[in-house]
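Letter by letter, the chains look like this.
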Amino acid sequence: MAAAASAYELVAKGIFKDAAAQVERLAEIPVNLRVLQAQLEVHVGTPTKARRLAEALLNERLTGSEKSICWELVGRACLSVGQVDDGLRAMGRAFAAVKATEDNKLEATLSAQYAQALLNWVGVEAAALEIPKLRQLAIRSGEPQSMIALHLLVAEINARRGLVSSATKHLEIARGLLKQFENYWQQGRLAIICSAVAVLQSDYDSALRYNKDALAWANRSGSREIRIPALANLVAIQLAQR
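My aim in this report is to walk through the structure given alongside it, one point at a time. Note that this is a predicted model, so its numbers are computed, not measured.

Turning to the overall build of the protein chain, a few remarks are in order. On a plain count of helices and strands, the protein chain comes out with 13 helices and zero strands. In terms of overall dimensions, the protein chain is globule-like: its C-alpha atoms have a radius of gyration of 18 Å, near the 18 Å expected for 242 residues. The buried share among the 242 residues of the protein chain stands at 46%. In the protein chain, of all internal contacts separated by at least 6 residues, the share reaching a separation of at least 24 is 59%. Surface exposure of the protein chain reaches about 11800 Å², of which carbon and sulfur atoms provide 53%.

Here it is in C-alpha cells:
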C-alpha cells in the first residue's frame, strides 16, 4: 500500500516516470493501479497503448471514477488520430460516469483534459467554448492543479490567437500558483507556452531559454507530451533565426 500511495503522490506532482516505475515494481497490480498505469502510459508511453489498456479495463468491474478515467483515455486516443466522432462519444461517456460520482475534483480534471484534447486535435474555438465550464469546475473543486490548467489553457488559446498581452497575464498567474503547488508536468507546459509567446514577440533568445526549461521539465517528469512539442519547437525556433 505504501508503494501505491507513493505512486499517487508522484502523479500529483507530475513526476510520471517515477510513478510508473513504482507501480511496475509491485508483485501484483490491483485494478485501481492498472487504471493509473493506463493514465501514465499517455505520458511515458503511447496513446495507442493507453487506449488498449483502458478498453481492456472497461470490460472489468470498475468504480464510476475508474470508468470515467478509462473513457477519457479512449476519447483522447481517438481524437489524437482524427477519430473525432468516436473521441467525442467516449468523452461524453467519461463525463456521464464522473457525474454519477459527484467527485468535483475528478470532474474538473476531466474538463481540463477534454479542453486540452480539443485544443490539440480539434481547434481553438472548440477548446475556448469549454473554458467557462472548466473555470466553474475548477473554482468549485478548489483543486490547485485544475486552476493552473485553466490558466495555462487560456494562455495557450490566447497565444494561438495572437493575443500576447492576455496570454502573458495568464502565464504569470499560472507561474505564481506553481510556486505554491509544484507540478513538474505543468511546469513543462508553462515553459512551452512561454516559448511560443516569445516567438510571437520575435524574442528568439528567450524562446530558446524557455524551450530548454521545457526539455528539463520533460526529463524530470518523463512526459512525452512535453518532450515532443519541445523538440519540435527547438527546430522551429532555430529555423526562424536563420
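A separate point is the pattern of salt bridges. Side chains that differ in charge, positive against negative, can pair when their charged atoms come close. Applying the stated criterion across every chain, the model contains 10 salt bridges. Glu-225 is the partner of Arg-76 in a salt bridge, and the nearest nitrogen-oxygen pair spans 3.4 Å. With Arg-76 in helix H5 (residues 64-80) and Glu-225 in helix H13 (residues 224-240), this residue pair connects regions lying 149 residues apart in the sequence. For Glu-225, a relative accessible area of 25% translates into the label partly exposed. The partner of Glu-156 in a salt bridge is Arg-189, with the nearest N and O atoms 3.0 Å apart. With Glu-156 in helix H9 (residues 144-160) and Arg-189 in helix H11 (residues 184-200), this pair connects stretches of sequence that are 33 residues apart. Using a relative accessible area of 10% as the deciding quantity, one classes Arg-189 as buried.

With that settled, consider the environment of Leu-190. Following the sequence through the fold, Leu-190 ends up in helix H11. Sequence-distant contacts of Leu-190, defined by excluding residues within four places in its chain, comprise Leu-152, Leu-171, Ala-174, Arg-175 and Leu-178.

With that out of the way, let us pick up the packing of aromatic side chains. Counted by the stated rule, this structure contains three aromatic pairs. Taking the centre distance of 5.3 Å and the plane angle of 55° together, the rings of Tyr-184 and Trp-217 count as tilted. With a gap of 33 residues between them, Tyr-184 in helix H11 and Trp-217 in helix H12 (residues 204-221) connect regions that are remote in the sequence. Judged by relative accessible area, which is 22%, Tyr-184 ranks as partly exposed.

Definitions and cut-offs
- Counting from 1, residues in each chain are numbered in the order their sequence is written.
- Local features in this predicted model are restricted to residues whose pLDDT is 70 or higher, and side-chain atom pairs enter the listing and the counts only when it is 80 or higher, whereas totals over whole chains, interfaces and linings include all residues.
- Note that water and hydrogens are dropped before the side-chain values are worked out from all heavy atoms of the structure.
- The helix and strand labels rest on DSSP assignments: H or I over at least four residues marks a helix, E over at least two residues marks a strand, and numbering proceeds from the N terminus.
- As defined in this context, the radius of gyration uses C-alpha atoms, and a globule is described by 2.2 Å times the residue total to the power 0.38.
- For every residue, the accessible area (1.4 Å probe, protein chains only) is compared with the maximum for its type, and the residue is labelled buried under 20%, exposed over 50%, or partly exposed between those bounds.
- Between two residues, a contact is recorded if the distance between any of their heavy atoms is within 4.5 Å.
- For accessible areas, the Shrake-Rupley method is used with a probe of radius 1.4 Å. Any residue's cover is judged against the shown protein chains and nothing else.
- One speaks of a salt bridge when a side-chain nitrogen belonging to Lys or Arg is within 4 Å of a carboxyl oxygen belonging to Asp or Glu.
- Only Phe, Tyr and Trp rings are paired, with Trp represented by its six-membered ring, and only when their centres lie within 6.5 Å; those with planes under 30 degrees apart are stacked, over 60 edge-to-face, the remainder tilted.

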